[in-house]
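# Observations on the model geometry
Chain by chain, the residues run as shown.
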Amino acid sequence: NAANQLFLLLMFLPQMFSQAGLPILAERTGVDDTVGASRILKRLVELNLMATLPGVVVLGIFSPDIMSRFGSEFTPYWPVLAVSLTTVPFYALGQTGINLVMAQGRMWTSAAVYLLYLVVFASASLMFSGQGALGFAIARLLTFILFALSVYGLLWRNVGRKPAAV
């Protein structure tokens, strides 16, 4: 729970950027400005990386000390914090990309990506369940890496394609 609190703290800014970025991306795609939407996506990715990477690195380096502040019994679990923190940039990248997919009106594609996320997370959680909290953190990290890769794979594959009319 201690590692998850810091994970959620670091996710605050990416979630805020995501909420602010979706209407901007929707406006750009609504006027068929794919260059503008791509430029906004690039800036949001840069912003998210600038907002998350320093915190991940600093908190990751000091994760043994941070966990010891929750009590001596938490000190050996610093790898859970380190893995949890490493997840945040992948979450931020994936969420930023999926916003462009949604802004393009590709809701079924978005739903399919989230379904894949669900299946991978459930499978990875079962696979790593014997490792306790570290297993859960690893499952979450692997899931968000796959989430980000699948989203940007979709965006790259569909460059220049217009979404089908609903």
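Here the structure is a predicted model, which is why all the values come from computation and not from measurement.

## Examining the packing of aromatic side chains
Summed over all chains, the structure comprises eight aromatic pairs. Ring centres 6.1 Å apart and planes at 55° place the aromatic pair F70 and F74 in the tilted group. On the basis of relative accessible area, F70 is assigned to the partly exposed category, the value being 35%. Ring plane angle 80° and centroid distance 6.4 Å describe the contact between F144 and F147, whose orientation is recorded as edge-to-face. Taken together, the residues F144 and F147, both in helix 6 (residues 132–157) and three residues apart, mark about one turn of the helix. Exposure remark for F144: the relative accessible area of 7% places this residue in the buried category. Connected via pairs of aromatic rings, a cluster forms that spans Y91, Y114, Y117, F121, F136, F144 and F147. Its end group placed over the ring of F7, R140 keeps NZ or CZ at 3.7 Å from the ring centre.

## Thoughts on the side chain of S150
Within the fold, S150 resides in helix 6. The exposure class assigned to S150 is buried, which follows from its relative accessible area of 19%. Residues contacting S150, with those up to four places away along its chain left out, are V113 and L116.

## What to know about helix 5 (residues 107–127)
Taking 1.5 Å as the rise per residue, helix 5 with 21 residues should run 30 Å; its terminal C-alpha atoms sit 30 Å apart, in good agreement. Within the span of helix 5, buried status applies to S110, V113 and A124. Projected onto a plane normal to the axis of helix 5, the buried residues spread over an arc of 60° and lie on a single side. Turned more than 90 degrees off the buried face of helix 5, the exposed positions are W108, L115, L118 and L126. Buried residues along helix 5 sit against helix 4 (78–103) and helix 6.

## Some details on the packing of helix 4 against helix 5
Where helix 4 meets helix 5, the axes come as close as 8 Å, and the angle between the chain directions of the two elements is 150°. Taken together, helix 4 and helix 5 sit at an angle that is classed as roughly antiparallel. Taking contact as the criterion, the partners of Q95, I98, V101 and M102 in helix 4 are, on helix 5, M107, T109, S110, V113 and Y114. Looking at side-chain class alone, the contact of helix 4 with helix 5 contains six nonpolar, three polar and no charged residues.

## Comments concerning helix 4
The first and last C-alpha atoms of helix 4 sit 38 Å apart over 26 residues, in line with the 38 Å expected at 1.5 Å per residue. With 21 of 26 residues buried, helix 4 lies mostly within the body of the structure.

What counts and how
- Residues numbered from 1 in each chain as written.
- Predicted model: local features only at pLDDT ≥ 70, side-chain atom pairs only at ≥ 80, totals over all residues.
- Heavy atoms only, no water.
- Phe/Tyr/Trp six-rings, centres within 6.5 Å; stacked < 30°, edge-to-face > 60°.
- Buried < 20%, exposed > 50% of the residue type's maximum accessible area, 1.4 Å probe, protein only.
- Helix = DSSP H or I, 4+ residues; strand = E, 2+ residues; numbered from the N terminus.
- Lys NZ or Arg CZ within 6 Å of the ring centre and 35° of its normal.
- Contact = heavy atoms within 4.5 Å.
- Expected span 1.5 Å × (residues − 1).
- Arc of directions from axis to C-beta.
- Axes fitted to C-alpha atoms, helices over the stretch in contact; angles between N-to-C directions.
- Parallel < 35°, antiparallel > 145°, perpendicular 65-115°, else oblique.
- Nonpolar A, V, L, I, M, F, W, Y, C, P; charged D, E, K, R; others polar.

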